[in-house]
Amino acid sequence: MTQGRKYKLQPRLIKGFRDIFAETYLARQWMIEQVRSVYEKYGFVPLETPALEYVDNLGKHIQETDSAEEGIFAFRDDDEELIALRYDLTAPLSRVFAQYTELTRPFRRYQLGTVWRDEKPGLGRFREFYQFDIDIVGSNKMSAEAEICSVICECMEKLNIKRGEYLVRVSNRKIVNAMMESCGIDHSDEKGNPTFKCLTTLRAIDKLDRLGMSGVVDLLGKGRKDETGDFTKGAELTSAQIDCIQKYLAVSSENRQKACDELFEIVKDTEVGQEGIDELRQIDNILQVLKIDEERVVFDPTIVRGLNYYTGPVFETVLTTCKNEKGEEVGFGSVFSGGRYDGLIERFTGQKVPATGASIGLDRLLEALKVSGRIKQRKATAQVFVTTMDKNLTAEYHKLAHSLREAGLNTELFMGKGKLNKQLKYADRWDIPVALLLGSNELAEGTVSIKDLYHGREIATEIADREVWRKEQPAQMTVSRENLVVEIKNILEKYGLN
RNA sequence: GCAGCUGUAGCUUAGCUGGUUAAAGCGCCGGAUUGUGGUUCCGGAGAUCGUAGGUUCGAGUCCUACCAGCUGUACCA
């Protein structure tokens, strides 16, 4: 006691990591079920891989910096091998595909898993979070990207995000590269690595929706000061080059065919450009067959994405109307994104294997659904709560609870201490909809008293007099044992909890 | 990483130009109510004022450093 607080162990949580309580867990579980049903509807099969991988297996495709460990949680094992927590599910997939050469192609798999990134957390951004991916390995057909767009749309709608509230934006890295070429920006040096100018330009374009055109122009030129006065160095392009890029960014995305036509004018002189346009046109053709119009999927040349390994079409999905309870617009960034990465498997096998896929950020999307009040969250799994007001009836309470469970009702039997008012308060706080009361009175009559706690909660605000409330018990009824299950189910049905 | 701002009970905050026992609301626990949730009332627990130095007779208040958080920005395979 004399030492005081200094010697008490403080419970602490690592920054960007979370404890997941029932409300969040159950909501996420629901999301997973919805998404999985869509993935399986399209015939994707599950795969699970370890949380840890060898760093070289994860990070070979990082060419920008020598320090492959940036942003990842890594350590050495007993054999001095560098090991890391995976930061996405795509790298493990390419490892699996390269390792199990007997896999029949194309390989269409889905994978749910936790990934870790050692970076700054923010709203809907954590250092440990779930991704739920689909990928098609071994197909170079644009059918693959078209189906993935279709899957994305179906997932969003299964998650109660209606048409018009989300938008899939598609671009093509080939077109971006062609644009840079046409604008006179070298996109790679002699060794094939992207140049500083190229990377800075891509990053600037990527920020269009956040910084606006003027911010992007600053970043393409000398640089930009943020509101705290901090300065970011720009790409130092010539004004002719900046004009050229602006023309590209101004391409309208309202109509896919029109966008293709406009883009074609800009990149028609290059072979990659023509290829890229052709790919978009193929995607558009299939989307039209699937009756997916511009309300759901647009071609948007401002989408750049993951600056490194994408080689073809890329897509990202945004929530178009995400407002919090104050009605303020909240930007959540991309919630479902991906693209084609034809070079990823090659680093293992030396053989080019085309692949494309997309990943849904479940936690970020859940956060968005929460903020915009689009998800009803519950923290109880119990549907019925059995109070224990009489010690002598313990056996009776167990019997009652057991019979309810056998009848298919999730039932919790109170095993804390406290009088009836404490017990009801407990049930109310844990969000259990129905409570049962069984005392000597009920036992003698062969009845049980049922309280509709949700209804009681609703009408409680209107009642001022405690005595009246207690006498009338408006949210309570006493029923015979035979009718008990039916009556409980009636109440649950009212709340859609059966 | 860089920049700006902020650190007072579990949470939200008050605390005057430094002045002695650091205040309140919410939440939590108990009681009024031994068989009834809400409201109300009563009582209780809970803070070495982010940490360490310094200035001063005296520091939650002023100075310095560090730490943490928030916001912006950069990076984000």
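Starting afresh in each chain, residues are numbered from 1 along the sequence in its written order. Chain labels run from A onward and ligand labels from 1 onward, assigned in the order the entries are written. With pLDDT at 70 or above as the cut-off, local features in this predicted model cover only qualifying residues; side-chain atom pairs require 80 or more to be listed or tallied, and sums for whole chains, interfaces and linings still use all residues. Water and hydrogen atoms were dropped before computing side-chain values, which therefore reflect all heavy atoms in the structure.

(A) Examining the protein's contact with RNA strand B more closely. We call a residue near a molecule or strand whenever a single non-hydrogen atom of that residue lies within 4 Å of it. The immediate surroundings of RNA strand B are formed by 53 residues, with Arg125, Lys451, Ile463, Arg466 and Arg470 found nearest. The sugar-phosphate portion of RNA strand B accounts for 51% of its atoms within 4 Å of the protein, the bases making up the rest. The contact in question runs from a base nitrogen of RNA strand B to an N or O atom on the backbone of Gly71, over 2.9 Å. What qualifies as a polar contact is a pair of N or O atoms within 3.5 Å, subject to a donor-acceptor requirement within protein and to the restriction that residues adjacent in sequence count only when both atoms come from side chains. Arg210 is positioned such that a nitrogen or oxygen atom in its side chain is 3.3 Å from a phosphate oxygen of RNA strand B. Only runs of H or I of at least four residues qualify as helices and only runs of E of at least two qualify as strands under DSSP, and these elements are numbered from the N terminus. When residues in the surface near RNA strand B are grouped by element, the largest group, 7 residues, is from helix H14 (residues 420–429). Tallied by class, the residues present in the surface near RNA strand B amount to 16 nonpolar, 12 polar and 25 charged. Residue polarity follows a fixed list, in which Ala, Val, Leu, Ile, Met, Phe, Trp, Tyr, Cys and Pro are nonpolar, Asp, Glu, Lys and Arg are charged, and the others, Gly among them, are polar.

(B) Inspection of unusual backbone geometry at higher detail. The omega torsion of the bond from Arg105 to Pro106 falls at -10°, within 30 degrees of zero and hence cis. Within the secondary structure, Pro106 sits in the loop between helix H3 (90–99) and strand S5 (107–116). Residue Glu80 is not a glycine yet carries a positive backbone phi of 65°. With respect to the helices, strands and loops of the structure, Glu80 is situated in the loop between strand S3 (74–76) and strand S4 (82–85). Given the relative accessible area of 54%, Glu80 is considered exposed. Unlike most non-glycine residues, Lys291 shows phi in positive territory, near 60°. With respect to the helices, strands and loops of the structure, Lys291 is situated in the loop between helix H10 (271–289) and strand S10 (297–299). When a residue's accessible area, from a 1.4 Å probe over protein chains only, is under 20% of the maximum for its type it is buried; when over 50% it is exposed; and in between it is partly exposed.

(C) Just the pairing of S4, in detail. Bridge count between strand S2 (residues 52–54) and S4: 3 bridges; the pairing is antiparallel. Bridging from a neighbouring strand, Leu52 pairs with Leu85 of S4. At least two DSSP bridges between two strands are required for those strands to pair. Pairing geometry for S3 and S4, over 3 bridges, is antiparallel. Across the sheet, Ala74 pairs through a bridge with Ala84, a residue of S4.

(D) Molecular detail of helix H4 (residues 142–158). Under the 1.5 Å per step criterion, the end-to-end length of H4 is 24 Å for 17 residues, consistent within 8% with the ideal 24 Å. Turning to H4, its buried residues number three or more, namely Met142, Ala144, Glu145, Ala146, Ile148, Cys149, Ser150, Val151, Ile152, Cys153, Cys155 and Met156. The positive-phi residue at the C-terminal boundary of H4 is Asn160, with phi of around 70°. What a helix is expected to span follows from its residue count: subtract one and scale by 1.5 Å.

(E) Examining the sheet that holds S10 more closely. Reading across from one edge, S1-S5-S6-S13-S12-S11-S7-S10 is the order of the 8 strands in this open sheet, with mixed pairing throughout. What marks the edges here is a single partner per strand, and that holds for strand S1 (45–46) and S10. Contacts were defined at the residue level, with two residues in contact if any of their heavy atoms lie within 4.5 Å. In this description, a line fitted to the C-alpha atoms serves as the axis of each element, helices being fitted only across the stretch in contact, and the angle between N-to-C directions of two axes falls anywhere from 0 to 180 degrees. The strands that H10 touches are strand S7 (166–172), S10 and strand S11 (313–319); relative to S7, the one it contacts most, it runs at about 145°.

(F) Just the UniProt feature "binding site: L-histidine" (unreviewed entry) in chain A, in detail. UniProt positions are given in the numbering used here, feature names are shortened, and annotations may be inferred rather than shown by experiment. Sequence positions flagged by UniProt for "binding site: L-histidine" (unreviewed entry) are, in local numbering, Asp88, Leu89, Thr90, Arg117, Gln131, Asp135, Arg305, Tyr309 and Tyr310. With respect to the element layout, Leu89 can be found in the loop between S4 and H3. By relative accessible area, which is 0% here, Leu89 ends up buried. Ignoring anything within four residues of it in the chain, the contact list for Leu89 reads Arg109, Gln111, Leu112, Gly113, Val115, Gln131 and Asp133. By the element assignment, Thr90 lies in helix H3.

(G) Quick look at the sheet that holds S2. Reading across from one edge, S2-S4-S3 is the order of the 3 strands in this open sheet, with antiparallel pairing throughout. Here the strands that pair on one side only, and so sit at the sheet edges, are S2 and S3. Direction aside, neighbouring strands of the sheet carry axes that sit 35° apart on average.

(H) Highlighting the state of the cysteines. Two cysteine sulfur atoms form a disulfide, by the criterion used here, when they sit within 2.5 Å. Evaluated as defined, the whole model comprises 1 disulfide. Each disulfide pairs two cysteine sulfurs, and for Cys183 the partner residue is Cys244, the sulfurs being separated by 1.9 Å. One disulfide, between Cys183 and Cys244, carries an S-S torsion of -75° and so falls in the left-handed class. Of this pair, Cys183 sits in the loop between helix H5 (173–182) and helix H6 (196–206) while Cys244 sits in helix H8 (residues 239–249), placing them 61 residues apart in sequence. The class for Cys183 is buried, based on a relative accessible area of 8%. With no disulfide of its own, Cys198 lies closest to Cys183 among cysteine sulfurs, the gap being 12 Å. By relative accessible area, which is 3% here, Cys198 ends up buried. Cys260 takes part in no disulfide bond, and the closest cysteine sulfur, belonging to Cys149, lies 13 Å away.

(I) Structural view of the packing of H5 against H6. Here H5 crosses H6 at 120°, and the two axes come no closer than 12 Å. It follows from the interaxial angle that H5 and H6 lie oblique. For the pair H5 and H6, the crossing hand works out as right-handed. In contact with Arg173, Val176, Met179 and Met180 of H5, H6 contributes Cys198, Thr201, Leu202 and Ile205. Class assignment of the residues belonging to the contact of H5 with H6 gives a composition of 6 nonpolar, 1 polar and 1 charged. Each angle gets one of four labels, with under 35 degrees taken as roughly parallel, over 145 as roughly antiparallel, 65 to 115 as roughly perpendicular, and the rest as oblique. By definition, turning the near helix anticlockwise from the far helix through less than a right angle yields a left-handed crossing, and turning it clockwise yields a right-handed one.

(J) Structural detail: a positive patch on the surface. A grouping of Lys379, Lys419, Lys422, Lys425 and Arg429 is seen on the molecular surface, where their side chains present a positively charged patch. Note on placement: Arg429 falls in helix H14. Since its relative accessible area comes to 55%, Arg429 is described here as exposed. Think of a patch as exposed residues, more than 30% relative accessible area, with no salt bridge, where like charges cluster within 9 Å and nonpolar side chains (Val, Leu, Ile, Met, Phe, Trp, Tyr) cluster within 5 Å. Methods summary: accessible areas were calculated by the Shrake-Rupley approach with a probe of 1.4 Å, and residue burial reflects only the protein chains presented. We define a salt bridge as a side-chain nitrogen of Lys or Arg found within 4 Å of a carboxyl oxygen belonging to Asp or Glu. A positive count includes Lys and Arg, and a negative count includes Asp and Glu. His and the chain ends are not counted in either. Each charge is placed at NZ for Lys, CZ for Arg, CG for Asp and CD for Glu.

(K) Representation of the pairing of strand S16 (residues 434–437) within the structure. With burial as the criterion, each face of S16 is covered, one bearing Val434 and Leu436 and the other bearing Ala435 and Leu437. One ladder, built from 3 bridges, connects strand S14 (residues 384–386) with S16; its direction is parallel. Considered in S16, the bridge of Val384 is made with Val434. Across 4 bridges, the pairing between S16 and strand S17 (residues 447–452) is antiparallel. Bridge pairing in S17 places Leu437 opposite Ser449.

(L) Summary view of the pattern of salt bridges. With the rule as written, the count across this model stands at 31 salt bridges. Here Arg281 ties to Asp261 by a salt bridge, and the two come within 2.5 Å at their closest N and O atoms. Here the residue Arg281 occupies a position in helix H10, and Asp261 occupies one in helix H9 (residues 256–267), the gap between them amounting to 20 residues.

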